[in-house]
Amino acid sequence: MDLDQAREFLRQHHRAVMATRHPSGGLQLSPVVVALDGVGRAVVSTRETARKTRNLDRDPWVSLCVMTDRFFGDWIQVDGQADIVHLPDALEPLVDYYRTVSGEHPDWDDYRAAMRRERRVLLRITLTRAGPDTHG
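A few words on the pattern of salt bridges. Two side chains bearing opposite charge may form a pair once their charged atoms approach each other closely. What the rule picks out here adds up to 11 salt bridges. Where Glu48 meets Arg119, a salt bridge forms, and the shortest distance between an N and an O atom there is 3.5 Å. Of this pair, Glu48 sits in the loop between strand E3 (42-47) and helix H2 (51-58) while Arg119 sits in the loop between helix H4 (108-117) and strand E6 (120-131), and the two are 71 residues apart along the sequence. Note on Arg119: relative accessible area 42%, which makes it partly exposed. Close ionic contact of Glu92 with Arg112 constitutes a salt bridge, the shortest N to O distance being 2.9 Å. Here Glu92 is found in helix H3 (residues 91-102), whereas its partner Arg112 is found in helix H4, with 20 residues between them in sequence. According to the relative accessible area criterion, Glu92 is partly exposed, its value standing at 40%.

Spelled out as structure tokens, the structure:
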């Protein structure tokens, strides 16, 4: 699967499991909501204090298994390198992320305040590989 096909899947499907590398050497798995930004990166909102954020701060490798809302059915895996956008720089990209996934928020001031209160960051993932290339 090429990266453009994977991006098209990401435009339609936002449920994923994210894998990052835990300090112990194992994988840390987290359910996430993923979107695609305007330049084709996968983006995820999380807290600054989350284990996945600390893992990515140490090692930017990330893998996402993205699936449909039905769970069983089509899915893809994308791998890449993440960078972490912290507040205040993350605030407007977090608004864009919300709009992509959920549409308009009823109170953007309240949303921005919640992002600050929760110490949200935006993970931007530059995609380097997509699959599967074959189905078993």
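Moving on to H3. In this model, H3 (12 residues) spans 16 Å end to end at C-alpha, consistent with the 16 Å of a helix rising 1.5 Å per residue. Taken as a whole, H3 has its buried residues at Leu91, Leu94, Val95 and Tyr97. Each buried residue of H3 sits inside an arc of 160 degrees when the element is viewed along its axis, so together they form one side. In the core, the buried residues of H3 are packed alongside strand E2 (27-36), E3, H4 and E6. A positive backbone phi angle near 85 degrees is found at Gly103, which sits one or two residues after H3.

For the rest of this paragraph, the subject is the packing of aromatic side chains. Applying the stated criterion to the full structure yields 4 aromatic pairs. Ring geometry for Tyr98 and Trp108: centres 5.5 Å apart, planes at 85 degrees, overall edge-to-face. Highlighted residues: Tyr98 in helix H3 and Trp108 in helix H4, separated in sequence by 10 residues. Judged by its relative accessible area of 22%, Tyr98 is partly exposed. Centre to centre, the rings of Trp108 and Tyr111 are 5.4 Å apart; their planes meet at 85 degrees, and the pair counts as edge-to-face.

Moving on, we come to the pairing of E6. Bridge count between E3 and E6: 6 bridges; the pairing is antiparallel. Across the sheet, the residue bridging to Ser45 is Leu122, located in E6. Sheet analysis places strand E5 (residues 75-85) next to E6, joined by 9 bridges and oriented antiparallel. Residue pairing for E6: Asp83 is matched across the bridge by Arg124.

On the basis of which strands lie adjacent, the closed barrel formed by 6 strands has the order E1-E2-E3-E6-E5-E4 and antiparallel pairing. Within the sheet, the average angular offset between the axes of one strand and its neighbour, ignoring direction, is 40 degrees. With 7 bridges joining them, strand E4 (residues 61-67) and E5 adopt antiparallel strand pairing. Looking at the pairing, Cys65 lines up with Gln77 of E5. Most of the contacts of H3 go to E2, to which it runs at about 80 degrees, and overall it touches E2, E3 and E6.

Rules of the game
Residues numbered from 1 in each chain as written. Predicted model: local features only at pLDDT ≥ 70, side-chain atom pairs only at ≥ 80, totals over all residues. Heavy atoms only, no water. Salt bridge = Lys/Arg side-chain N within 4 Å of Asp/Glu carboxyl O. Helix = DSSP H or I, 4+ residues; strand = E, 2+ residues; numbered from the N terminus. Buried < 20%, exposed > 50% of the residue type's maximum accessible area, 1.4 Å probe, protein only. Expected span 1.5 Å × (residues − 1). Arc of directions from axis to C-beta. Contact = heavy atoms within 4.5 Å. Phe/Tyr/Trp six-rings, centres within 6.5 Å; stacked < 30°, edge-to-face > 60°. Pairing = 2+ DSSP bridges. Axes fitted to C-alpha atoms, helices over the stretch in contact; angles between N-to-C directions.

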